Amino acid sequence: MSAARPLIEEPVFLGSGDERLFAFLHPAAQAARGTIVMCHAFAEEKLWSHRVYVTFAREAAQAGFNVLRFDMRGEGDSALDFEQSTIETRIEDTLRAIAAAKNRWSTHDVVLVGHRLGGSIAAVAQTRAASDVRAVAIWDPILDGEDYFGQLLRSNMTTQMATQGKVTRMRDALIKAILDGEVVVVDGYGLTADLYRGIAALRLAQREELFQGPALLIEVPKGEQNAPSEPLRVLASTRPRLQLALEAEPPFWRETKQFHKRAGGFTADTLEWLNGLTT
Amino acid sequence: MSEQIVSLRNSAGHALHCMFELPPPGAPKTDLGCVLLSPGVKMRVAPHRLYRKLAAEFLERGIAVMRVDFHGLGDSEGDLPEQQLDQLYRQVQLGRHVDDARTALRWLQREHGLKRFVIGGLCGGALTGLLASEVDESVVALYAIGIPVVLDASGQHESQNMTQGQLRDMRGTYLSKLMNPSAWLRLLSFKSDFRSILRSLFPKLGAGAKGKTVSDTRVPPPESATAANLNPKYAPAMFGLLQRNRSALLIFSGADRLQFEYQEKFVAPWRAALEKFASLLTVEVIPQANHVLGDPAWMAQARVLTGRWLDERFK
C-alpha cells in the first residue's frame, strides 16, 4: 500500500477460492451505535447504484454506524461466474457478511439495508440469522420476483429487436427456454434456471415469516401515487413493527442522464429510522 | 484466483482502490503489464464484469493485470461535482483521470518491476489510456474498446453531430415505422423528435458547425473539414502515440455510434496520414455488437481479437 495517510475505509476479502467475497468496511466515525450490512441490487442495477451505496455507507459511518458493504458471489470482485450464482448463494453470502461484521465489530446487533432484489435477499437472510439481525430496511422493495424477472427479460427482447429487427421470443418463450436449460442473456448476464426459480420464489408479501421484527420498506411512488401501495399496506397491517415510507427517488439503478451519487430520500429515511431503533 | 486488493493514493491524495492479478504459475515471464481503467461510471469490473473476462487473455500470456477505480468513482475516494452524465463524460474525455492512471503505472513499476504497459479499457477507460500514453513513456500500446473521439456535452442538439452512419440507421428505423399507427400517433401529437427526423431524411440539413483547425505539430493537416464536436485532445494523442512507434488495438461494436464517429470524424479527415501507420494500428469491428459487448458471442470475439493482437505484438 502506497498510502501516505492511513485508510479509514478498508477493502478486504472474506474467505478464499470459490467462497471468496469482496467486502468494504466503513467503521463508525464515533462511538458505534450499531452495525449495518448492505445488500446490493442485482446485476447491472448494482453497477449503476454503486456510488450511491458508497455514499450511504460513508454517511452512515459518519452518523455512528459501522457499515459492511460486500459483493455477492457472481458479481463485482467476489468469486464465481455470474451464471454459477443463485439466490441461495446470495443468501449464504449475506449470512457470511453478517458473521464477518459481528466478528469485526463484536456486535450481535446487525441491521440489513438492501436495495431492490438485494432487499429480498436481506429479508430472507434475516429469518435465518434472527439472533444476529435486529432489523431490515429495504429501498424500493420488489414484492413479486416473477414480475421482476419479466422486467429483466425485457432487455433481452430489446436486444432481439436491435440485432434481428424483430422480437422472435417473448417473455413466456424465454422463460420456457431457461427452464429447458438455455442460459438467456440480459445485458451480458446469463440467466439460468436456478436463478429464475430462486427469483420467482421471492414473493415477499406471501411469506409469513418475513418482517416479523423491526423493518422499513421505502417505496418509490409511481405516477401520482402519494401513499404506500395496497400490497404494502396489506403487508404492514399484519406486521406491527413494519414501517412504510414513500420517496420519489430517481431511478439511480438504471441508466439515466444524471450522475447519481447519493439517494437523499432513502438515506434520510433510513438514518432517521435507525436513530429510532437505537434510542 | 490470485487477485490482490491494492489501495493507492493519487497526486491529490485520494485513495484509489484497485484489483491486481498476477499470471498463473507456469505462464510466460514478461516485463509487460496491463492496466484496465474504469469505463464511464461502471468502476473497475466494467459492465457485466467485462474486465474480469478480458483479463484472462492477458494473464494466460504472462501479463499481470491491474483494474483501476478512478477517484470519485467505484470504491475510490473523492467527489465529482457533475450532476449530469454527459458533463462527467466530458471531463473524462478531457483527461481528468490521467493522474489516476499514472498512479497505477508507477505502483506497478515500483512494486513489481514491470517496465512496459498496455493500457486502456472500454470507452472512457480507453480514452484515458490514450491520454496517459502522452505523458508516460512506459505505455507501449493502447488497448481500446469503443473509444470515443468526440466531446460530450457540446451544447448542440444531438442530431447536429450525428454521423452519416447514424443518420442512415435512423432513416431506416423511421421508414420501417411508416405502417405503424402508434408511430403516426406519436408524430401527429408532436411527441416525435422532428429535428432528428428531418436531419435523417435530409442529412445535409442542420449539420453541426465545422471544427476548428487542430493546432498541434503532431497532427497532419486534415484532408477534409473536421467535426465541430471532435475531441481536440484525440487526434494529437493518437498521432503522438503512433509517431512514437506505439501500437494500438481499437475494437468497435458494429451497432455502436462510436464506430461511425471514429470512421467519419477521425479516419475520414486523416485517411492518408493514418495509412502511414497501418502497421501499428489494428482496427476491428464486431458486427451487431452493442457498446458493452453484452452477448457471449460478442464477448468471445473480443477475446479472440485481443489474444491474436497480443500474440502478434508481444509474443
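Residues numbered from 1 in each chain as written. Chains lettered and ligands numbered in written order. Predicted model: local features only at pLDDT ≥ 70, side-chain atom pairs only at ≥ 80, totals over all residues. Heavy atoms only, no water.

## Some words on the overall build of chain B
Turning to step 1, where the next piece is worked out: Per the secondary structure count, chain B includes eleven helices and eight strands.
Turning to step 2, where the next piece is worked out: Scaling as 2.2 N^0.38, a compact globule of 315 residues should have a C-alpha radius of gyration of about 20 Å, and chain B matches this with 20 Å.
Turning to step 3, where the next piece is worked out: Counting over 315 residues, chain B shows a buried share of 55%.
Turning to step 4, where the next piece is worked out: Of the contacts made within chain B by residues no fewer than 6 positions apart, 74% connect residues no fewer than 24 positions apart.
Turning to step 5, where the next piece is worked out: Working note: accessible area of chain B is about 13,100 Å², and carbon and sulfur atoms make up 54% of it.
Turning to step 6, where the next piece is worked out: Between the mean site of the 38 positive side-chain charges and the mean site of the 31 negative ones, chain B shows a separation of 3 Å. (Helix = DSSP H or I, 4+ residues; strand = E, 2+ residues; numbered from the N terminus. Rg over C-alpha atoms; globule rule 2.2 N^0.38 Å. Buried < 20%, exposed > 50% of the residue type's maximum accessible area, 1.4 Å probe, protein only. Contact = heavy atoms within 4.5 Å. Areas by Shrake-Rupley, 256 points an atom, 1.4 Å probe, with all protein chains shown as cover. Lys, Arg positive; Asp, Glu negative; His and termini not counted. Charge placed at Lys NZ, Arg CZ, Asp CG, Glu CD.)

## Let's talk about the packing of helix H4 (residues 145–164) of chain A against helix H5 (residues 171–179) of chain A
All names here are of chain A.
Turning to step 1, where the next piece is worked out: Contact pair H4 / H5: the axes reach a minimum separation of 9 Å and the direction vectors enclose 100°. Classed by the angle they form, the pair H4 and H5 counts as roughly perpendicular. Residues Glu146, Asp147, Phe149, Gly150, Leu153, Asn156, Met157 and Gln160 of H4 pack against Arg171, Leu174, Ile175 and Ile178 of H5.
Turning to step 2, where the next piece is worked out: Residues that form the contact of H4 with H5 fall into these classes: six nonpolar, three polar and three charged. (Axes fitted to C-alpha atoms, helices over the stretch in contact; angles between N-to-C directions. Parallel < 35°, antiparallel > 145°, perpendicular 65-115°, else oblique. Nonpolar A, V, L, I, M, F, W, Y, C, P; charged D, E, K, R; others polar.)

## What to know about the domain arrangement of chain A
All names here are of chain A.
Turning to step 1, where the next piece is worked out: Structurally, chain A comprises domain 1 (10–144 + 203–278) and domain 2 (145–201).
Turning to step 2, where the next piece is worked out: Between the C-alpha centres of domain 1 and domain 2 the distance comes to 25 Å.
Turning to step 3, where the next piece is worked out: On the domain 2 side, the residues contacting the 18 residues of domain 1 number 18 residues.
Turning to step 4, where the next piece is worked out: The interface formed by domain 1 and domain 2 includes one salt bridge.
Turning to step 5, where the next piece is worked out: A salt bridge links arginine 203 to glutamate 146, with the nearest nitrogen and oxygen atoms 3.8 Å apart.
Turning to step 6, where the next piece is worked out: Counting every contact that joins domain 1 to domain 2 gives eight residue pairs in polar contact (both at pLDDT 80 or more).
Turning to step 7, where the next piece is worked out: Counting residues per element, the ones that place at least two in the side of domain 1 that touches domain 2 are helix H1 (44–62) and helix H2 (87–105).
Turning to step 8, where the next piece is worked out: Considered class by class, the residues forming the side of domain 1 that touches domain 2 number eight nonpolar, two polar and eight charged. (Domains from an automatic or database assignment. Salt bridge = Lys/Arg side-chain N within 4 Å of Asp/Glu carboxyl O. Polar contact = N/O pair within 3.5 Å; in protein donor to acceptor, adjacent residues only side chain to side chain.)

## Some words on the nonpolar core
Turning to step 1, where the next piece is worked out: Ranked by internal contacts, the top residues of the largest apolar core, which has 63 residues, are Phe42, Leu68, Leu153, Leu191 and Phe211 of chain A.
Turning to step 2, where the next piece is worked out: The biggest single contributor to this core is H2 of chain A, with seven residues.
Turning to step 3, where the next piece is worked out: Looking at which domains feed residues into this core, each of domain 1 (10–144 + 203–278) and domain 2 (145–201) of chain A gives three or more.
Turning to step 4, where the next piece is worked out: Ignoring sequence-local partners within four residues, the contact set of phenylalanine 211 of chain A consists of Ala123, Val136, Ile138, Leu204, Leu217, Leu235 and Arg239 of chain A.
Turning to step 5, where the next piece is worked out: Among the nonpolar cores identified, the runner-up in size contains 60 residues, and Leu73, Leu80, Ala237 and Leu280 of chain B belong to it. (Core = buried A, V, L, I, M, F, W, Y, C linked by side-chain atoms within 4.5 Å.)

## Observations concerning the packing of aromatic side chains
Turning to step 1, where the next piece is worked out: Evaluation of the coordinates by the stated rule reveals 21 aromatic pairs over all chains.
Turning to step 2, where the next piece is worked out: Both rings, one in phenylalanine 239 of chain B and one in phenylalanine 266 of chain B, keep their centres 5.7 Å apart while their planes meet at 55°; by these two values the pair is tilted. Of this pair, phenylalanine 239 of chain B sits in helix H8 (residues 234–243) while phenylalanine 266 of chain B sits in helix H9 (residues 257–267), placing them 27 residues apart in sequence.
Turning to step 3, where the next piece is worked out: Overall, phenylalanine 266 of chain B belongs to the buried group, its relative accessible area being 0%.
Turning to step 4, where the next piece is worked out: Joined through ring pairs, the aromatic side chains of Tyr234, Phe239, Phe252, Tyr262, Phe266, Trp270 and Phe277 of chain B make up one cluster.
Turning to step 5, where the next piece is worked out: Over the aromatic face of phenylalanine 13 of chain A sits the side chain of arginine 20 of chain A, whose NZ or CZ is 3.9 Å from the ring centroid.
Turning to step 6, where the next piece is worked out: Above the ring of phenylalanine 22 of chain A, the side-chain terminus of arginine 44 of chain B is found at 4.8 Å from the ring centroid. (Phe/Tyr/Trp six-rings, centres within 6.5 Å; stacked < 30°, edge-to-face > 60°. Lys NZ or Arg CZ within 6 Å of the ring centre and 35° of its normal.)

## Overview of the interface of chain B and chain A
A common way to report how large an interface is uses the accessible area buried once the components associate.
Turning to step 1, where the next piece is worked out: With 45 residues of chain B in contact, the opposing surface of chain A contributes 43 residues.
Turning to step 2, where the next piece is worked out: Carbon and sulfur atoms make up 51% of the area that chain B and chain A hide from each other, which totals about 3,500 Å².
Turning to step 3, where the next piece is worked out: At the surface where chain B touches chain A, the tally comes to seven salt bridges.
Turning to step 4, where the next piece is worked out: Lysine 42 of chain B is paired through a salt bridge with glutamate 44 of chain A; the nearest N and O atoms lie 2.6 Å apart.
Turning to step 5, where the next piece is worked out: The interface formed by chain B and chain A includes 28 residue pairs in polar contact (both at pLDDT 80 or more).
Turning to step 6, where the next piece is worked out: Contributing elements (two or more residues each) for the side of chain B that touches chain A: strand S1 (3–9), strand S2 (15–21), helix H1 (50–59), helix H2 (85–93), helix H3 (98–112) and helix H11 (296–314) of chain B.
Turning to step 7, where the next piece is worked out: Ranked by residues supplied to the side of chain B that touches chain A, first place goes to S1 of chain B with six residues. (Buried area = accessible area lost by both parts, 1.4 Å probe.)

## A short note on helix H6 (residues 193–200) of chain A
All names here are of chain A.
Turning to step 1, where the next piece is worked out: Where burial is concerned, most of H6 is hidden: six out of the eight residues are buried.
Turning to step 2, where the next piece is worked out: If you check which residues of H6 are buried, you get Ala193, Leu195, Tyr196, Gly198, Ile199 and Ala200.
Turning to step 3, where the next piece is worked out: Structurally, H6 contributes buried residues whose contacts are with H2, helix H3 (117–128), H4, H5 and strand S8 (189–191).

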